[in-house]
Amino acid sequence: MSVVLVFDLGGSSLKSALIDTNGQILAQHRIDATFTNEKSGVFEINPEVWWKDVVTSINTLHKLDPFAFVSVQGLGLCGFTRTQVFLGPDGAVLRPAITWQDTRAELTIPTLKALLPDTHPEFEQINAFHPLARLHWLKTAEPQTVQNLATVLDPKDFIAYRLTGARHSDPISMARLLAASQPGKDGRSLMAA
């Protein structure tokens, strides 16, 4: 029997399951999500909380169906987007993840846009939720974090990294950063600017 271990990291919970090749759910588990909102506009969470929940889910799924668990041959992950996890060169978490609801970058948008070529196709997409705006905010508010930054991942990619050791993402999750890294009409990318 072939089994896939799946995780859905959502805004309200982490859902996990063991699913066979016929799509039958063999075991499932759910843990309510925890987010921090210390002040207006600030929404973040330590990614280690997600990792702890994943480990708990794995242990629970193993207990629920040990036979299916040892038959796992694949991994499937999905989760909310517009959330950035910041890792250092050694893969360590540098700071809490900035989640999809966080609006702190809004105040730095005028300063950021003044640095960018306004003819770039991605220019009009820059808002408080754009990863480039959040990186600019981070560079302004926490320059030491940016100095040590090696990788920016979505939450699902962070979980995949912890499970596999590979730091990868996909073009859909990284669409805004990929668009910002492409050269515009004047040959400059927004990332370079």
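Preceding block: the structure.
Residues numbered from 1 in each chain as written. Predicted model: local features only at pLDDT ≥ 70, side-chain atom pairs only at ≥ 80, totals over all residues. Heavy atoms only, no water.

Peer 1: I'm lost on the sheet that holds strand S5 (residues 72–79) in this one. Help?
Peer 2: Strand pairing in a sheet takes place through backbone hydrogen bonds and is either antiparallel or parallel in direction. Across the sheet, which stays open at both edges, the 4 strands sit in the order S3-S2-S1-S5 with mixed pairing between neighbours. Looking at which strands have only one partner, the edges of the open sheet turn out to be strand S3 (25–32) and S5. With direction set aside, neighbouring strand axes in the sheet form an average angle of 15°. Across 7 bridges, the pairing between strand S1 (residues 3–9) and strand S2 (residues 13–20) is antiparallel. Considered in S2, the bridge of Leu9 is made with Leu14. Where helix H1 (residues 47–64) meets the sheet, it contacts S1, S2 and S3, and its direction lies at approximately 145° from that of S3. The sheet contacts of helix H6 (residues 155–164) involve S1 and S5, and relative to S5 the element is tilted by about 155°. (Pairing = 2+ DSSP bridges. Helix = DSSP H or I, 4+ residues; strand = E, 2+ residues; numbered from the N terminus. Axes fitted to C-alpha atoms, helices over the stretch in contact; angles between N-to-C directions. Contact = heavy atoms within 4.5 Å.)

Peer 1: Is there a simple way to think about a nonpolar patch on the surface in this case?
Peer 2: Residues Met1, Phe67 and Val70 make up a contiguous nonpolar surface patch of roughly 360 Å² in combined accessible area. Along the chain, the position of Val70 falls in the loop between helix H2 (66–69) and S5. Classification of Val70 by relative accessible area gives exposed; the value is 64%. (Patch = residues over 30% accessible without salt bridge, like charges linked within 9 Å, V, L, I, M, F, W, Y side chains within 5 Å. Areas by Shrake-Rupley, 256 points an atom, 1.4 Å probe, with all protein chains shown as cover. Salt bridge = Lys/Arg side-chain N within 4 Å of Asp/Glu carboxyl O. Buried < 20%, exposed > 50% of the residue type's maximum accessible area, 1.4 Å probe, protein only.)

Peer 1: Please clarify how H6 should be interpreted in this entry.
Peer 2: What sets the pattern is the α-helix's 3.6 residues per turn: residues three or four places apart point alike. The buried fraction of H6 amounts to 7 of the 10 residues, a majority that puts the element mostly inside the structure. The elements touched by buried residues of H6 are S1, H1, S5, strand S6 (85–87) and strand S8 (151–153).

Peer 1: Explanation requested: the environment of Val55 in the structure shown.
Peer 2: Checked against the element boundaries, Val55 lands in helix H1. What makes Val55 partly exposed here is its relative accessible area of 31%.

Peer 1: Can you help me understand the packing of aromatic side chains in this one?
Peer 2: Each aromatic ring pair is described using two quantities: the centre-to-centre distance and the angle formed by the ring planes. Inspection of the entire model under this criterion finds 2 aromatic pairs. On the numbers, 5.7 Å between centres and 65° between planes, the contact of Trp50 with Phe80 is edge-to-face. A residue pair is termed long-range when its members are at least 10 positions apart, and Trp50 in helix H1 and Phe80 in the loop between S5 and S6 qualify at 30 residues. Overall, Trp50 belongs to the buried group, its relative accessible area being 4%. Given the relative accessible area of 11%, Phe80 is considered buried. Summarising the aromatic geometry, the rings of Phe80 and Trp100 are spaced 4.8 Å apart at their centres and angled 50° between planes, so their arrangement reads as tilted. Placement of Phe80 in the loop between S5 and S6 and of Trp100 in the loop between strand S7 (97–98) and helix H3 (109–115) is noted, with a sequence separation of 20 residues between them. (Phe/Tyr/Trp six-rings, centres within 6.5 Å; stacked < 30°, edge-to-face > 60°.)

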